[in-house]
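Report on the structure
Take a look at the letters that make up each chain.
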Amino acid sequence: MAGCEAALQLACRGFEIDLYEMRKGTGKTQAHKTGDLAELVCSNSFKGTQLASAHGLLKNELKMLGSFLLQAAEKARVPAGESLSVDRALFSKEVERLITESKKITLHPKECTELATQAPTLVAAGPLCSEALAAQIKELTGGEFLRFFDAIAPVIDSDSIDYSQAFAMNRREKGETADFINCPLDKETYLEFVKRLQEADSVEEKPFEKKELFEGCLPIEEMARRGTDTLRFGPMRPVGLGKHYAIIQLRAENAQKTLYNMVGFQTRLKWNTQKEIFRLVPALKNAEFARLGSMHRNTFIKSPKLLDNSLKLATPHSPLPTPHSLLPTPLYFAGQITGAEGYTEAIATGWYAAWNMANSLQNKAFEPLPHGTCIRALIEAITSPKEDFQPMNFNFGLLPRPENLRKSEKKLFLIEQSQKNLIIFI
Ligand SMILES: Cc1cc2nc3c(=O)[nH]c(=O)nc-3n(C[C@H](O)[C@H](O)[C@H](O)COP(=O)(O)OP(=O)(O)OC[C@H]3O[C@@H](n4cnc5c(N)ncnc54)[C@H](O)[C@@H]3O)c2cc1C
């Protein structure tokens, strides 16, 4: 997905591209079923089209910036209300037509097992990057900078938290400034909460995930099944937070504190079940989830440590163990391997990395996209310093917004900010 968008963008800026797609040779991965380019591995939807939805606004930017894959999706569109859903075979066919008709792109139907040193390179090998390439990226970036598994806790829009049922405080600290928002549960609510978790349905793991699932950390439903009090002595322990039966802690996801993460709440519960159960917590009864919890096989690099805000490998926060002479220069990353999760996000980062790569190869100075645009916010979310980095999809909580507006006014503000600032930029 990201690789095709990037190749087309670079080609239309005059560069010759060697594009490698291993499925053209082998046909499949653990999730892909065909050898088609830009195969949609699961849902056939690129999500909403309305400007008032996060993915609609992101798509609008991609349209303004001339995304090829978005045009292909429009051509392959099937009726699905307000979402952009496609006939997946037609979509791949249209992408393949654009790639093969481009005189600048040579499609190599084989696995890239080694990155050529000194050749400008863009890696968009996705969540199921081949073993050989993953091993090389791991070596180039230092072992700890590549991960094969994510364990994501739900993320909540700060405006939807009921602060009258919560309090700000760090564990065992009294001070005025607190990093955590604490959501208490009384005994009755806690017991109901745990019972619902014990009985809840989880998403089934794929065969290739079986041995990896519990390596990172336990999902909360599994903890609940180990005993009624397990959570109360684990992520819901009230110790150092006053006299409460149990507590869920929320930690800010971003500097603006528009998003909060449920600390230690990685889960494989089905999405609707997560919403129902978490809304039993008094402070979260109206919670809006910017993203829900998940745990699955996923290859991604620690972008905050490795990439600069042009998506170029630049190790802004720590030196690389590998001598730079062994690295392709410049080396860009795009798509899910950067931690930007979702089809539209893959297209957006593909567009963005290619645009920066083209500018850099033409010796143009780096120019960030304007403040308030969805793509810039997404890039900041994956490249800003963060301790426990996990993949993120685009949502409104990532966009800068004034605090004093009402909810309905905020959306209008965000739409206007994105459109106005991007028009000026273009
Ligand atoms: C099981 C599963 C289900 C998902 N469901 C959804 C969903 O419903 N909606 C959604 O928005 N997102 C979903 N995602 C996330 C989705 O993968 C990404 O959003 C998107 O496809 C990522 O785009 P990408 O370009 O980064 O990777 P991909 O689209 O996967 O493209 C990477 C390509 O690189 C190729 N490749 C890998 N290694 C090599 C190599 N060494 N040499 C040559 N080629 C190589 C692969 O064959 C693949 O075609 C799902 C992911 C998985 C794993």
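You'll find the structure just up there.
Residue indices begin from 1 for each chain and proceed along its sequence in written order. Given that the model is predicted, a residue must reach a pLDDT of at least 70 before its local features are reported, and side-chain atom pairs must reach 80 or more before they are shown or counted; all residues, however, enter totals for whole chains, interfaces and linings. Note that the side-chain values use all heavy atoms of the structure and ignore hydrogens as well as water.

1. Focus: the sheet that holds strand β3 (residues 77-78)
Worth spelling out the cut-off: The pairing criterion for strands is at least two bridges between them, as found by DSSP. Secondary structure elements are taken from DSSP: a helix is a run of H or I of four residues or more, a strand is a run of E of two residues or more, and numbering for both begins at the N terminus.
The antiparallel open sheet is built from three strands, whose spatial order is β2-β4-β3. Edge positions in the sheet fall to β2 (45-48) and β3, since each has one partner strand and no second. With two bridges connecting them, β2 and strand β4 (residues 83-86) associate as antiparallel partners. Opposite serine 45, over in β4, you have serine 85 as the bridge partner.

2. Overview of the pattern of salt bridges
Any two side chains of opposite charge can pair if their charged atoms end up close together. Rule in force here: Salt bridge criterion: a side-chain nitrogen from Lys or Arg within 4 Å of a carboxyl oxygen from Asp or Glu. Between buried and exposed lies partly exposed: a residue is buried under 20% and exposed over 50% of the maximum accessible area for its type, with that area taken using a 1.4 Å probe on protein chains only.
Summed over all chains, the structure comprises 22 salt bridges. Between glutamate 96 and lysine 24 there is a salt bridge, with the nearest N and O atoms lying 3.0 Å from each other. Of the two residues, glutamate 96 is situated in helix α5 (residues 88-101) and lysine 24 in helix α2 (residues 23-26); the sequence distance between them amounts to 72 residues. Relative accessible area serves as the criterion here: at 28%, lysine 24 is assigned to the partly exposed category. A salt bridge links glutamate 199 to lysine 195; the shortest N-O distance between them is 3.9 Å. Here glutamate 199 pairs with lysine 195, and both are found in helix α7 (residues 187-199), just four residues apart, close to one helical turn. Overall, glutamate 199 belongs to the exposed group, its relative accessible area being 54%.

3. Focus on the packing of aromatic side chains
Stated precisely, the cut-off is as follows: Working definition: rings of Phe, Tyr and Trp (its six-membered ring) pair if their centres are within 6.5 Å, and the pair is stacked with planes under 30 degrees apart, edge-to-face with planes over 60 apart, and tilted otherwise. Whether a charge lies above a ring is judged from NZ of Lys or CZ of Arg, which has to be within 6 Å of the ring centre and within 35 degrees of the ring normal.
Considering all chains together, one arrives at eleven aromatic pairs under this definition. Look at phenylalanine 278 and phenylalanine 289: their rings are 6.3 Å apart centre to centre, the planes differ by 50°, and that puts the pair in the tilted class. Pair noted here: phenylalanine 278 is in helix α9 (residues 271-278) and phenylalanine 289 is in strand β13 (residues 289-291), with a separation of eleven residues, a long-range link. Accessibility expressed as a relative area gives 16% for phenylalanine 289, which makes it buried. Relative to phenylalanine 389, the ring of phenylalanine 300 has its centre 6.1 Å away and its plane inclined at 65°; by these criteria the two rings are edge-to-face. Placement of the pair is phenylalanine 300 in strand β14 (residues 294-301) and phenylalanine 389 in the loop between α12 (374-383) and α13 (407-425), with a sequence separation of 89 residues. Note on phenylalanine 389: relative accessible area 2%, which makes it buried. Taken together through their ring pairs, the aromatic side chains of Phe193, Phe265, Phe278 and Phe289 make up a single cluster. When the ring centre of tyrosine 245 is taken as reference, the NZ or CZ atom of arginine 232 above it lies at 3.9 Å.

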